[in-house]
Number of protein chains: 2
Amino acid sequence: MSISLGPDDSVAVLAHEKFPDGAKTAVGVLRYANYDVTAVLDRERAGERVTDHVPDVPDAPIVESMTDALETSTPDALLIGISPIGGGFDESWRADVRAAIEAGCDVIAGLHYFLEDDEEFAGLAADHGVDLIDVRRPPDDLTVSQGRARDADADVVLTVGTDCSTGKMTTTLELVAAARERGIDAGFVPTGQTGIMIAGWGIPVDRVIADFAAGAVEQMILDAADDHDVLFVEGQGTIVHPAYSGVTCSLLHGAMPDSLVLTHSAGRDAIHGYEDFAIPPVEAYVDLYEDLATPVAPTEIAAGALDTRAIDDDDAARAAVDDYADAVGGPATDPVRFDADAILDALL
Amino acid sequence: MSISLGPDDSVAVLAHEKFPDGAKTAVGVLRYANYDVTAVLDRERAGERVTDHVPDVPDAPIVESMTDALETSTPDALLIGISPIGGGFDESWRADVRAAIEAGCDVIAGLHYFLEDDEEFAGLAADHGVDLIDVRRPPDDLTVSQGRARDADADVVLTVGTDCSTGKMTTTLELVAAARERGIDAGFVPTGQTGIMIAGWGIPVDRVIADFAAGAVEQMILDAADDHDVLFVEGQGTIVHPAYSGVTCSLLHGAMPDSLVLTHSAGRDAIHGYEDFAIPPVEAYVDLYEDLATPVAPTEIAAGALDTRAIDDDDAARAAVDDYADAVGGPATDPVRFDADAILDALL
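Residues numbered from 1 in each chain as written. Chains lettered and ligands numbered in written order. Predicted model: local features only at pLDDT ≥ 70, side-chain atom pairs only at ≥ 80, totals over all residues. Heavy atoms only, no water.

Caption draft 1: Examining the sheet that holds strand 7 (residues 155-161) of chain A more closely. Residues and elements named next belong to chain A. Reading across the sheet, the six strands line up as 8-9-7-10-13-14 and stay open at both edges, with parallel pairing between neighbours. In the strand order of this sheet, the two ends are held by strand 8 (186-189) and strand 14 (332-333), each with one partner. Those strands touched by helix 7 (residues 213-225) are strand 7, strand 8 and strand 9 (230-233), and its axis lies near 150 degrees from that of strand 9. Of the strands in this sheet, strand 10 (259-265), strand 13 (300-307) and strand 14 touch helix 10 (residues 314-328), which is tilted by about 160 degrees from strand 13. (Pairing = 2+ DSSP bridges. Helix = DSSP H or I, 4+ residues; strand = E, 2+ residues; numbered from the N terminus. Contact = heavy atoms within 4.5 Å. Axes fitted to C-alpha atoms, helices over the stretch in contact; angles between N-to-C directions.)

Quick look at the structure:
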C-alpha cells in the first residue's frame, strides 16, 4: 500500500459528528502527517476552526461538506478520518465522496468497506481519472515469514501495550520525531490504518491472513531497513487481548525487535471493550513479552510510555510516570505530555 | 465450511507421487474419516494396495488416474489428499479433476488455489451439477472474538505443540476416539484443512483474517458445545514459531480451554523448516503456554503426547515417554504407538 502524498500535497479530512475525540485518524493526520489539511468536514462543527479543539496543530477550517471545502481550495485527496464500529461506510458521506471525485480528488479510506468495490464510486473514479485508495486492503502477494527480520541492517524498536488504544502509534511517531531531531536516520513502520495514512505506506497487519501476518511485518522491516538506521515499528493490540492477541504475537515474532517500549493508559484496569477481562499488573506484561520473544529473538522492555490524559494535574502525572517506571523496570515518560527523551535515551 | 459426507459415502483420494509419506491429508482421511475410500490415485504406485504402505486402515486399490478409479466404482467425491509447498494446483491433476466432475463426483480440496475460481472447473461443475468444495476458504461472515468461549457449556481441551507437525491433529482425534469408547459425548473441533476434511466441518484458522482468528475459534467452540459434553480442539503451529505463532496465540485465547495437551516429536531439536531456530526445553513451553493463557482464561498443561516414530525400539520409546512426562510435569504417552488412556485419565 502506497499513497503518494508529500509536503506539497493536501487533503480534506472527513470527520462528521466525531471531531476531535471520536476521530483518531483525523487527529493523527493533523498532528503527524507531512502533507497539509485544507479543511475538516464535520457537519456538527461547521464554522469552527481545528485549533478551537486541537491546539498545537496547523489550523484549518471546519466545514459542512466537501462542496463547501472545495469553495476555497481543491485538495489532492479526501481522506476518511473516522471509522465507525464495524468499519462500514456511512451513507451520509456519499455526497462528500461523490463531490471529491467529481472535483478530481483521490479518496483515501481505512474502512472494512472498500470504496473500490462500490459500483458508483468505482465508475465515477474511472470517469474522472482519480484513485480510490483503501488502505485496509492488504497487498495480495504476501507470504509466510522466513524468520529473517533479525538480519535487518537497522536497530528495530517495537511498541507493545497493556491494551488496545494505549498510545502505541503516538509513542512510535513521537520517538521517530525525537530521534530525527537528534540527527538519527529514523524510519516509521506503520502497521495500522492511521499510521499508513500518515506515512503513506505500510500494511494493515490486522487485515492480513493469519498465516501471513508475521511475514507482512518481516517484509516491511526488511524493506525499511535498507533506508534507515533505526526503525520504530507501530505495535497493535496486546498480548493478553481476548480477540487481537494473535496480531500482537505476529508483530513480536515477525519484527524480532532489538528493544520494546511498553505503553499503558494510566488508570485503566480492564481491557477496552472487554470489561470482564482485568488488566494484569504491569510487571506481568514485562515477563510475558520478554519470555514470549526469547525463543524466537530475545529482546527486552527498555522503557515505558504512559498515557496520562486521564490525570489533570502535571505533578500527579509525573508521580504516575514514576510509579510506572518502577513497574516497567526502566525509564518511563508520557511522550505527549512531556517529551520522548527519557525513552530515546534508554533505546540508543 | 461443511461437507456432507457420512458413513454411507465414499471418496477417491488423489495423492500422486506422494503416498503415503508426503500425503498427510490422504493418510489422515484413511485413518480417521467416517466415510469410505474407494481408491487412492498415485501414478507412481498404481497396482499396489493402500495396506502395502499403511497397515491398520481399511484397504483400497492404488490406481493411475481418476478414469481408472471410476472403472470399479463411482465415489461421491474426489478428495485432493496432498498439498504442495505453496498450496498451488498441480496441472498434472487437471485430467483427474475433470474426469471426476464429468462422472458426477464433487471435488474437495484444501489448496490455497481455489477450485471454485478455476474457470474450467467452475463451468464443468455447473454443467454436471456437482460441488467444488475449497475447505481452505474461510466463511465470509467471521468477526472478532467476544471473549465468550469460557462460557461454553462443555469442557474444552486444546492440543498445543513444541513445533508444527508434532501430532496435534492425530492426538486430538485419538482422544476423541478414546473418549467415545468410554461412552463420553466427545466432539472434535477441526481448525485445519485435513481435520476439516475428516470431520466434514470446521474453519481453517490459519486462512482467516488475523483480527478474526480468535473469533473463528470462539464461534466453533460455542456451536459445538451445544452438541457435546467435551470438546477436543485441534491446535496449530507453536507459540514460538517465527511465522505461525499468531495463529497458535489466537487459538489459545479464542478457545479458552480448560486443559492443554502438549505435543512434541521425539528427537526434534529445531523448528521444522526454520532450522536456525532451536526448540527450547519442554519446561519452557509449559510456562509459556500457561503464563500466556492466565490473563485471558487460566488453564494448564494436563498431559503430554509424544510422537515416537523416530524411535524404532518400543522400550526406548517408553523411556522417551517417561522423560517427556517428567518435563511436562504430568502423564504422557504416544497415543498412536501405545494408546491415549494416560492422557484421557489426566483430563477427565
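Caption draft 2: Spotlight on the pairing of strand 9 of chain A. All names here are of chain A. Residues of strand 9 alternate between two faces, with Val-230 and Phe-232 on one and Leu-231 and Val-233 on the opposite face, all of them buried. The pairing of strand 7 with strand 9 spans four bridges and is parallel. Its bridge partner being in strand 9, Leu-158 is matched across the sheet by Val-233. Sheet topology places strand 8 next to strand 9; four bridges connect them, and they run parallel. Counted as the bridge partner of Gly-187 is Leu-231 from strand 9. (Buried < 20%, exposed > 50% of the residue type's maximum accessible area, 1.4 Å probe, protein only.)

Caption draft 3: A look at the UniProt feature "domain: D-glutamate N-acetyltransferase-like N-terminal" (unreviewed entry) in chain A. Following the UniProt record, one finds the feature "domain: D-glutamate N-acetyltransferase-like N-terminal" (unreviewed entry) at residues 43-138 of chain A. Annotated as residues 43-138 of chain A, this span is 27% helix and 14% strand, and its ends, taken at the C-alpha atoms, are 31 Å apart. (UniProt positions renumbered as here; feature names shortened; annotations may be inferred.)

Caption draft 4: Region of the structure containing the sheet that holds strand 5 (residues 106-109) of chain A. All names here are of chain A. In space, the six strands of this open sheet follow the order 3-2-1-4-5-6, with parallel pairing throughout. In the strand order of this sheet, the two ends are held by strand 3 (62-63) and strand 6 (132-134), each with one partner. With three bridges connecting them, strand 5 and strand 6 associate as parallel partners. Counterpart to Ala-109 in the pairing with strand 6 is Asp-134. Contacting strand 1 (10-14), strand 2 (36-41), strand 4 (77-80), strand 5 and strand 6, helix 3 (residues 94-102) runs over the sheet at an angle of about 155 degrees to strand 4.

Caption draft 5: Geometry of the relation of the copies chain B and chain A. Expressed as a screw transformation, the operator carrying chain B onto chain A has a rotation angle of 180 degrees and an axial translation of 0.0 Å, and the superposed copies differ by an RMSD of 0.1 Å. Such a turn and shift between the copies fits a two-fold axis. A shared binding surface is used by both copies, with 97% of the interface residues of chain B retained as interface residues in chain A. (Least-squares fit on C-alpha atoms with pLDDT ≥ 70 in both.)

Caption draft 6: Quick peek at the packing of helix 7 of chain A against helix 8 (residues 245-255) of chain A. All names here are of chain A. Relative to each other, helix 7 and helix 8 sit at 40 degrees, their axes nearing to 8 Å. By the angle class used here, helix 7 and helix 8 are oblique. The chirality of how helix 7 crosses helix 8 is right-handed. In contact with Ala-213, Ala-214, Val-217, Glu-218 and Ile-221 of helix 7, helix 8 contributes Ser-250, Leu-251, Gly-254 and Ala-255. Across the contact of helix 7 with helix 8, the residue classes break down as six nonpolar, two polar and one charged. (Parallel < 35°, antiparallel > 145°, perpendicular 65-115°, else oblique. Left-handed = near helix turned anticlockwise from the far one by under 90°. Nonpolar A, V, L, I, M, F, W, Y, C, P; charged D, E, K, R; others polar.)

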